[in-house]
Amino acid sequence: MPISQIMAVAKSLNRADRLRLALFLLSELAQEEGVSYPVQEGVSDFSSVTLYNSYEAAEIMLQELAKES
């Protein structure tokens, strides 16, 4: 299947399915590169992946943004 066809199908997916696809692709690429990726193997439902209540991550992001300004 040509990449243009794959991209068209990906665009037609709903937001949650596009997120699942993106996480799947990142996981596959990381695995090929031998990089640890924080997605559990065998997980096909990424609905629990969220940034809500990720206060530590938010603090780090704020610190990085403050460095840029």
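None of the values given here were measured: they were computed from a predicted structure. Counting starts from 1 at the beginning of each chain's written sequence and moves along it residue by residue. Given that the model is predicted, a residue must reach a pLDDT of at least 70 before its local features are reported, and side-chain atom pairs must reach 80 or more before they are shown or counted; all residues, however, enter totals for whole chains, interfaces and linings. The side-chain quantities take in all heavy atoms of the structure and omit both hydrogens and water.

Counting from the N terminus, the helices are the DSSP runs of H or I reaching at least four residues and the strands are the DSSP runs of E reaching at least two. With respect to the secondary-structure elements, Ala22 resides in helix α2 (residues 15-33). C-alpha of Ala22 to C-alpha of Ala10: the two residues are 12 residues apart in sequence and 9.6 Å apart in space.

Now for a nonpolar patch on the surface. To count toward a patch, a residue needs a relative accessible area over 30% and no salt bridge; like charges are then connected within 9 Å, while nonpolar side chains (Val, Leu, Ile, Met, Phe, Trp, Tyr) are connected within 5 Å. In short, Shrake-Rupley with a 1.4 Å probe defines the accessible areas, and a residue's cover is counted only from the protein chains shown. By definition, a salt bridge exists where a carboxyl oxygen of Asp or Glu is found within 4 Å of a side-chain nitrogen of Lys or Arg. Judged by side-chain polarity, Met1, Ile3, Ile6 and Met7 come together as a nonpolar surface patch covering roughly 460 Å² of accessible area. Following the sequence through the fold, Ile3 ends up in helix α1 (residues 3-12). According to the relative accessible area criterion, Ile3 is exposed, its value standing at 59%. Note on classification: 1.4 Å probe, protein chains only; a residue is buried when its accessible area is under 20% of the maximum for its type, exposed when over 50%, partly exposed between these limits.

What follows covers the pattern of salt bridges. Evaluated as defined, the whole model comprises two salt bridges. Between Arg20 and Asp17 there is a salt bridge; the shortest N-O distance is 2.5 Å. Placement of both Arg20 and Asp17 in helix α2 is noted, with a separation of three residues, approximately one turn of the helix. Assessed through its relative accessible area of 25%, Arg20 is described here as partly exposed. Taking relative accessible area as the criterion, Asp17 reaches 30% and is therefore assigned partly exposed. Of the charged contacts in the structure, one is a salt bridge between Lys67 and Glu64, with a shortest N-O distance of 3.0 Å. With Lys67 and Glu64 both in helix α3 (residues 55-68) and three residues apart, the pair spans about one turn of that helix. Note on Lys67: relative accessible area 61%, which makes it exposed.

On to the confidence of the model for the protein. Per-residue confidence for the protein averages 78 on the pLDDT scale, and 72% of its residues sit at or above 70. Known as pLDDT, the predictor's per-residue confidence is scaled from 0 to 100. At the low end of the mean pLDDT range in the protein sits α3, at 83; at the high end sits α1, at 92.

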